[in-house]
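What follows is the residue order along each chain.
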Amino acid sequence: MSTNGAAGRIQIDGVAKQFGDLRVFQDIDLAIGEREIVSIVGPSGCGKTTLLRCIDGLVQPSEGEIRIDGAKVTEPPRGVAVVFQHFGLFPWKTVYENVAYGLRLAGAPKDQIAESVARHIELVGLKGFDKAYPYQLSGGMQQRTGLARALATDPHVLLMDEPFASIDAQTREILQFELLRIWESRPMSMVFVTHSIEEAVLMGDRVVVLRGRPSSIHEVIETGLPRPRTRDVLSSPRFNEVREQVWSLLMHEAEQAERELQEVR
Amino acid sequence: MASVPHEVAIPRTYGVSARTQRTFLRIATGVILLVLWEVLVRWLAPPFVARPVTVARALPHVLANHLPPGTPTFWGAAEATVVASAEGLAIGIVGGVLVGLTMGRLRTADRLLRFYISTFFAMPIIALVPVMTLWFGYSSTVRLYIVALGAFLPICLNVYDGTRSLPASFVEVAQSYRARWWNVWFGIALPASLPYLLAGFKLAVGRVLVGAVVAEYIVNLKGLGSYIVFDSRTFHQPEMMVAVLFLALLGVSVNAAADLATRRFLPWYRRSE
Ligand SMILES: Nc1ncnc2c1ncn2[C@@H]1O[C@H](COP(=O)(O)OP(=O)(O)OP(=O)(O)O)[C@@H](O)[C@H]1O
Ligand SMILES: [Mg+2]
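By convention here, each chain's residues receive numbers from 1 onward along its written sequence. Lettering of chains starts at A and numbering of ligands starts at 1, both following the order in which they are written. In view of the model being predicted, local features appear only for residues whose pLDDT reaches at least 70, and side-chain atom pairs are presented and counted only at 80 or more, with totals across whole chains, interfaces and linings using the full set of residues. Heavy atoms from the whole structure form the basis of all side-chain values; hydrogens and water molecules are not counted.

Chemist: Got a minute to help me understand the overall build of chain A in this structure?
Modeler: Only DSSP runs of H or I covering at least 4 residues are called helices, and only runs of E covering at least 2 are called strands; the numbering of each starts at the N terminus. When helices and strands are counted, chain A shows 7 helices and 10 strands. The globule rule used here is 2.2 Å times the number of residues to the 0.38 power, and the radius of gyration it is set against is calculated over C-alpha atoms. By the compact-globule yardstick of 18 Å for 265 residues, chain A fits well, its C-alpha radius of gyration being 19 Å. For chain A, the spread of C-alpha atoms along the principal axes amounts to about 60 × 45 × 40 Å. Sorting the 265 residues of chain A into buried and exposed places 52% on the buried side. Buried residues are those whose accessible area, probed at 1.4 Å on protein chains only, stays under 20% of the maximum for their type, while exposed residues exceed 50% and partly exposed ones sit between those limits.

Right, here's the structure in full:
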């Protein structure tokens, strides 16, 4: 298992989560650095979303604790933003108002909101769509709005829960590289949950593989890929090597699940 | 799969737009009904029974308030009814939104209140008017309670439904941006429930008008209800009929305004998925 030398911005110590009789995950130890992207992969239902919720303080872990910048997380902290798979845009708000949401709640001054919202709408390539409603946007554009809303609060921790999972393959690839470009211009801690092994390897400095029931960290793989990451990475031998490694870890799990299912029958 | 014959699949419009055709049919029905009314009354009823021609003849002097001394004036009555209805709607909206949101967001409030509010909603509250005259006297207070309750109940239950069907994901997004409970109630649950609120408002308009008019009949308050009773009893049927038509027009136009407001201010409604 690899150790992370950098002072962890996010410190996860012995965390477990249980819903009634269902123990979702346990023994999660993970430190995430200030300018690090950690990808999390694992089979459906292994608790990836729940872990992100714990990091954001939306739910409390049953055991262990999570600290961000040394402070124990008990409620959603300032400076942490989430991007949701379902986009989570408010249908009655325009793009502008959706992006402004976090700043308005934080009570930011009017001119600061106007400046920041305009800048972030432009950053994600939605200039001119300020007045559009979510129903008028494609899935890709909706998630651009979700990303702008998160970034507008100027977070130092970004939690991504399968942000591009419900977006078509071509747009997804464009968004992946745009996100990488944005991250290069303002590096921050990022936890990137995904179902796609390629995406996990492309985004992450490390890939955390969750496995088992209840699940726990099975393996942490340093991708060792250079940054800034460009499309060239996708065809590099190292990328393929890591992808195969993660793939075999997850396939093993899938096969085991299949066998258990056979036994039940 | 059997293919549908071409002639059946496409409605014939004979070169006229579907909208024009619909309007034409609607007007045609109206004209036929008016003619039937006129003919049947002339043929079968005594001369004091209102028919379209006499109503039309009564219209100018009713609207100009030119009535025999001692009779209630139309505009005075209309104003009283409209003002009381508007007050009732205002109270009903504010109260209905607050209670509906509270029941929708707090399980305890739901358990304490919803059964009784649903029961009141299901029962004809105008049945309470006689007993209310004993409690509050023969005063406009009775009408105010009836119209306020008439607006409150449907709005409250609709806002409740809207709040209950609020996707949990919206609440989670709000909480992740550090929203407090009041931000969730009034910034998320309320706007998400606006389509429900509007549906409740349209129900409320009908109930409020019925409540106001019936309260005016029974309590004999200045208003269109008592105007209608007076004119009916004094053989001023065409004059009375003007008030009935006015009430119909009022209900229809408030609802049309609500639809217009939906399209204008809730463009996202019915289009988000
Ligand atoms: N609030 C809750 N109450 C009870 N059980 C829950 C709750 N939230 C999640 N679970 C359960 O915990 C398990 C993990 O759910 P979670 O959504 O975290 O998985 P996931 O890894 O994100 O799955 P997916 O890949 O499908 O998104 C599931 O079995 C789910 O049913
Ligand atoms: Mg999930």
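Still to come is the rest of the account.
Chemist: Looking at this model, I keep getting lost on helix H6 (residues 129–136) of chain B. Mind explaining?
Modeler: An α-helical turn contains 3.6 residues, so any two residues separated by three or four positions project in the same direction. Residues and elements named next belong to chain B. Val129, Met132 and Thr133 are the residues of H6 that are buried. Seen along its axis, H6 keeps its buried residues to an arc of 110°; they face one direction. Set apart from the buried face of H6 by more than 90 degrees, the exposed residues are Leu134 and Trp135. Elements in contact with the buried residues of H6: helix H7 (140–164) and helix H10 (194–219). What the arc covers is the set of directions going from the helix axis to the C-beta atoms. We call two residues contacting when some pair of their heavy atoms lies within 4.5 Å.

Chemist: Would you mind going over the side chain of Arg9 of chain A with me for this structure?
Modeler: All names here are of chain A. For Arg9, the position within the fold is in the segment before strand S1 (10–19). Judged by relative accessible area, which is 15%, Arg9 ranks as buried. When neighbours within four sequence positions are excluded, Arg9 is seen to be in contact with Ile32, Gly33, Glu34, Arg67, Ile68, Asp69, His156, Val157 and Ser189.

Chemist: Help me understand the site of ligand 1, please; the structure alone is not making it clear to me.
Modeler: Residue and element names in this part refer to chain A. Nearness is judged by heavy atoms alone; a residue qualifies as near a molecule or strand once a single heavy atom is within 4 Å of it. Near ligand 1 you find Phe19, Leu22, Val24, Ser44, Gly45, Cys46, Gly47, Lys48, Thr49, Thr50, Glu162 and His195, and these make up its full shell. Side-chain polar atom of Glu162 to an oxygen atom of ligand 1: 3.3 Å apart, as the coordinates give it. Throughout, the Shrake-Rupley method with a 1.4 Å probe supplies accessible areas, and for residues the shown protein chains are the sole cover considered. Alone, ligand 1 offers 640 Å² of accessible surface; in the complex the protein occludes 60% of this. Sorting the residues of the shell around ligand 1 by element identifies strand S2 (22–32) and helix H1 (48–55) as the ones contributing at least two each. Of the residues forming the shell around ligand 1, the biggest block, 3 residues, is contributed by H1. We define a polar contact as two N or O atoms separated by no more than 3.5 Å, with the added condition that, inside protein, one atom must be a possible hydrogen donor and the other a possible acceptor, whereas residues neighbouring each other in sequence contribute only through side-chain atom pairs.

Chemist: Looking at this structure, how should I read the environment of Val80 of chain A?
Modeler: You can see Val80 of chain A is positioned in strand S6 (residues 80–83). Taking the C-alpha atoms as reference points, Val80 of chain A and Leu225 of chain A, 145 residues apart in sequence, are found 26 Å from one another. Apart from the residues lying within four places of it in its own chain, the contact partners of Val80 of chain A are Asp56, Ile68, Pro155, Val157 and Leu159 of chain A together with Ser176 of chain B.

Chemist: Sorry, what's going on with the packing of helix H11 (residues 224–233) of chain B against helix H12 (residues 237–265) of chain B here?
Modeler: Between two packed helices, both the angle of their axes relative to each other and the distance between the axes serve to describe the pair. Residues and elements named next belong to chain B. Direction vectors running N to C along H11 and H12 enclose 155°, while the axes themselves pass 8 Å from each other. With respect to H12, the element H11 is oriented roughly antiparallel. In this structure, H11 crosses over H12, and the sense of that crossing is left-handed. Contacts from Leu224, Tyr227, Ile228, Asp231 and Ser232 in H11 reach Gln237, Glu239, Met240, Ala243, Val244, Phe246 and Leu247 in H12. In terms of residue class, the contact of H11 with H12 is made up of 8 nonpolar, 2 polar and 2 charged. In this analysis, axes come from line fits to C-alpha atoms, helices being fitted only over the stretch in contact, and the angle between any two N-to-C directions falls in the range 0 to 180 degrees. Convention used here: angles under 35 degrees read as roughly parallel, angles over 145 as roughly antiparallel, angles from 65 to 115 as roughly perpendicular, and any remaining angle as oblique. When the near helix sits turned anticlockwise from the far one by under a right angle, the crossing is termed left-handed; a clockwise turn instead gives a right-handed crossing. Lys, Arg, Asp and Glu make up the charged group, whereas Ala, Val, Leu, Ile, Met, Phe, Trp, Tyr, Cys and Pro make up the nonpolar group; the residues left over, Gly among them, are polar.

Chemist: Please clarify how the pairing of strand S7 (residues 157–161) of chain A should be interpreted in this entry.
Modeler: Looking along a regular strand, one sees the side chains alternate between the two faces of the sheet. Residues and elements named next belong to chain A. For S7, a buried count of 5 out of 5 residues is recorded, marking the element as mostly surrounded by other parts of the structure. On S7, burial covers both faces: Val157, Leu159 and Asp161 on one face and Leu158 and Met160 on the other are all buried. Strand pairing is assigned whenever DSSP detects at least two bridges linking the two strands. With 4 bridges joining them, S6 and S7 adopt parallel strand pairing. In the sheet register, Ala81 faces S7, and the bridge partner there is Leu158. A right-handed crossover is one whose linking path, passing over the helix from the first strand to the second, runs clockwise when the strands point away from the viewer. With helix H5 (residues 169–185) bridging S7 and the parallel strand S8 (residues 189–193), this β-α-β connection has right-handed handedness.

Chemist: How should the sheet that holds strand S10 (residues 216–222) of chain A be read in this particular structure?
Modeler: Across a sheet, strands are paired by hydrogen bonds formed along the backbone, either parallel or antiparallel in direction. All names here are of chain A. Within the open sheet, the 6 strands sit side by side as S6-S7-S8-S3-S9-S10. Their pairing is mixed. Here the strands that pair on one side only, and so sit at the sheet edges, are S6 and S10. On average, each strand axis in the sheet is inclined to that of its neighbour by 20°, with strand direction left out of account. Pairing between strand S3 (residues 37–41) and S8: 4 bridges, direction parallel. Looking at the pairing, Val38 lines up with Val191 of S8. The strands touched by H1 within the sheet are S3, S7, S8 and strand S9 (206–211), with S7 carrying the most contacts at an inclination of about 155°.

These figures come from the coordinates and say nothing about function on their own.
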